[in-house]
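Descriptive structure summary
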Amino acid sequence: MARANIMGLEMKLSDYVLEYLYSRGTKHVFGMSGGAAVHLFDSTVRHAGMGVTFVAHEQSAAMAADGYYRVSGKLGACIVTSGPGASNLLTGVCCSYYDSVPALMLTGQVATSRLKGARKVRQVGFQETDAISIYSSVTKYAEQLIDPNQIGNVLDRAYAEAESGRPGPVLVDIPDDLQRCQINVAKLPRYSATPKQVLPELAMQVQNLLTEISTARRPVIVLGGGLNTPRRANELREFLKCVEVPLVQTWAGLDLVPHDWKYRVGTFGVYGSRLGNFVVQHADIVVCLGTRLSQNLTGGVLTSFAANARIIMVDADQGEMDKFDGYGIEIAERIPCLMEDFLSTAMSAVKTFKAPQIEPWLMTIARWRTELPDDIPEEPVDDVGYVDANHFVRKLSGVLANDEIIFVDTGGNLTWTCNNLLVKPGQRVLSAWNYTPMGYSIPAGIGAAAAVDRPITCIIGDGGLQLCLGELATVVKHNLPLKIVLFNNHSHGIQKQTLETWLDGNYAGVDPSSGLGLSDFPEVANAMGLPVVNISRSSEIILKLTEAYSMPGPVFCNIEINPNQKLYPIVKAGERLENQMPLIPADQLAALQRL
């Protein structure tokens, strides 16, 4: 399809949809063929500028669209058929919704004459399914096209909703007969979004915040994932150069500053670092930028979180700041704004910022850094048949490129990576942080590979790989430059630890002996055409990683991890953040907490 004539007065509706996406910066889509989406795909493959990746499962298409946005800043899109095609998107859509990622789901639908409408039946058309009802709670906008002349209006609204305020996914359901009808582009009604407004009180709120930091004695700034959707790392770093106080990061904010940034403390939370937790729990002001303070950060005992601090939240979503009212955490100040607006306003205000007197606080943090327990076990000897996950990640850090994009799945591999990876200034570290499904990192990596020309690593556990195993064929088909790093502990390790903590180790469905079926993943990867590198000895980690990362194209790295390796430190339910397992003796804990 020649692009020169594509926006003529009369054109096929599906052609218009694809040209609209292209004109808005979406240059690649993901999907899986199906009867109710054939016209959309026909328009896709005939579009001179649009790329497409056909995946093995519709869930992966949604996750690929998610990954596409996270690395490019351009809205990701996928196309699927009706019924099971549409419903299979759900897990991927939830990843985008809960992480505030803009994405467009285009679902085919039965012809309008076969829609059940108001008839009291479950289904009329073949594979007819009410996608709007299914997705209304996990999208910002879900609309079924009924009038073909409203397609411009609907797409305008979809993009506006996806990218404005707190971003998120949207869905447009297009019946088959409307996809193939002709429309007059010049006569299409259009949607005009309300212009963004910056509240006039923002400047004063930001000035007051900076004043509070100036007078604090134990300040800490929390960097959250809202600073990544859309990404504001450059602006943030300029701000932090002017406001030099200790920083802690949520996992979703791990790549906002490099590991050696001045005053960076580390991660915090239930699975976070002991040092980060001590800093948050003993601060007198906690400034939260773009984090909703999930329970994985605060722990379950809300009344004990930063109990002696003034907590100030800066967030695009007022509801996230109000949700603690009456539930144990007092939010002293709430600044509702986009991170873009906060940082631009702050950079004007920092010209008069006075640095706080925090030398005693820095000395206390330095003391904690040396006195808190190191929960990293010694490296195992070579002949045991596995490596330690923590040491592996630290060595992997030295092999990864300066501009590496690292997608991490969920479970133990996510915890070990986030707590041990030495992030470089140009790297990205990404995951489905809030929905955390197994099987995300490889599909997201597929999406990223379509968006940018950069090295990509996909870290995943054996449980997660089992769920997206078919996408190895997609990687091979397109020769995508993904280095797939499998943390293979032959079990669902994080669930094993949970059962040991709460149910006396009564395993059920978490390893082969308790009913879990797992594949011989190196053999499967080899059969699909991937070169395989196996690592099971501590002494060979760097050598073999260097070998794998020197190979062009995709490589599958099977890392044998101790099947009984624990995720430490961890806050047990009912405990305060600073009291992580393995527990510090009470007298030592009390001594550590003396300021």
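Located above this text is the structure these notes cover.
I will try to describe carefully the structure that is included in this document.

Criteria and cut-off values
- Residues numbered from 1 in each chain as written.
- Predicted model: local features only at pLDDT ≥ 70, side-chain atom pairs only at ≥ 80, totals over all residues.
- Heavy atoms only, no water.
- Helix = DSSP H or I, 4+ residues; strand = E, 2+ residues; numbered from the N terminus.
- Rg over C-alpha atoms; globule rule 2.2 N^0.38 Å.
- Buried < 20%, exposed > 50% of the residue type's maximum accessible area, 1.4 Å probe, protein only.
- Contact = heavy atoms within 4.5 Å.
- Pairing = 2+ DSSP bridges.
- Axes fitted to C-alpha atoms, helices over the stretch in contact; angles between N-to-C directions.
- Core = buried A, V, L, I, M, F, W, Y, C linked by side-chain atoms within 4.5 Å.
- Left-handed = near helix turned anticlockwise from the far one by under 90°.
- Nonpolar A, V, L, I, M, F, W, Y, C, P; charged D, E, K, R; others polar.

**Observations regarding the overall build of the protein**
- Of regular secondary structure, the protein possesses 24 helices and 20 strands.
- Relative to a compact globule of 595 residues, whose C-alpha radius of gyration would be 25 Å, the protein shows 25 Å and is just as compact.
- If you line up the protein on its principal axes, its C-alpha atoms span 75 × 65 × 50 Å.
- Expressed as a percentage of its 595 residues, the buried residues of the protein come to 57%.
- In the protein, once contacts between residues fewer than 6 apart in sequence are set aside, the share between residues at least 24 apart is 75%.

**With respect to the sheet that holds strand S4 (residues 76–80)**
- With parallel pairing, the six strands of this open sheet are ordered in space as S3-S2-S4-S5-S7-S6. Edge positions in the sheet fall to strand S3 (51–54) and strand S6 (141–144), since each of these pairs with one other strand and no more. With direction set aside, neighbouring strand axes in the sheet form an average angle of 20°.
- Helix H3 (residues 58–72) contacts strand S2 (28–31), S4 and strand S5 (103–109) of the sheet and is inclined by roughly 165° relative to S4.

**Regarding the nonpolar core**
- With 101 residues, the main nonpolar core has Leu223, Phe239, Leu289, Ile311, Phe342 and Phe392 as its most contacted residues.
- Setting aside residues no more than four positions away along its own chain, Phe239 makes contact with Leu210, Leu289, Phe342, Leu343, Ala346, Met347 and Val350.
- Ranked by size, the runner-up nonpolar core spans 35 residues in total, among them Leu40, Leu106, Ile183 and Val185.

**So, the packing of helix H9 (residues 202–215) against helix H14 (residues 339–349)**
- Here H9 crosses H14 at 65°, and the two axes come no closer than 9 Å. As for the relative orientation of H9 and H14, their crossing is right-handed in sense. Each of Leu202, Ala203, Val206, Gln207, Leu209 and Leu210 in H9 lies in contact with H14, whose residues at this interface are Asp341, Phe342, Thr345, Ala346 and Ala349.
- Classifying every residue of the contact of H9 with H14 by side-chain character gives eight nonpolar, two polar and one charged.

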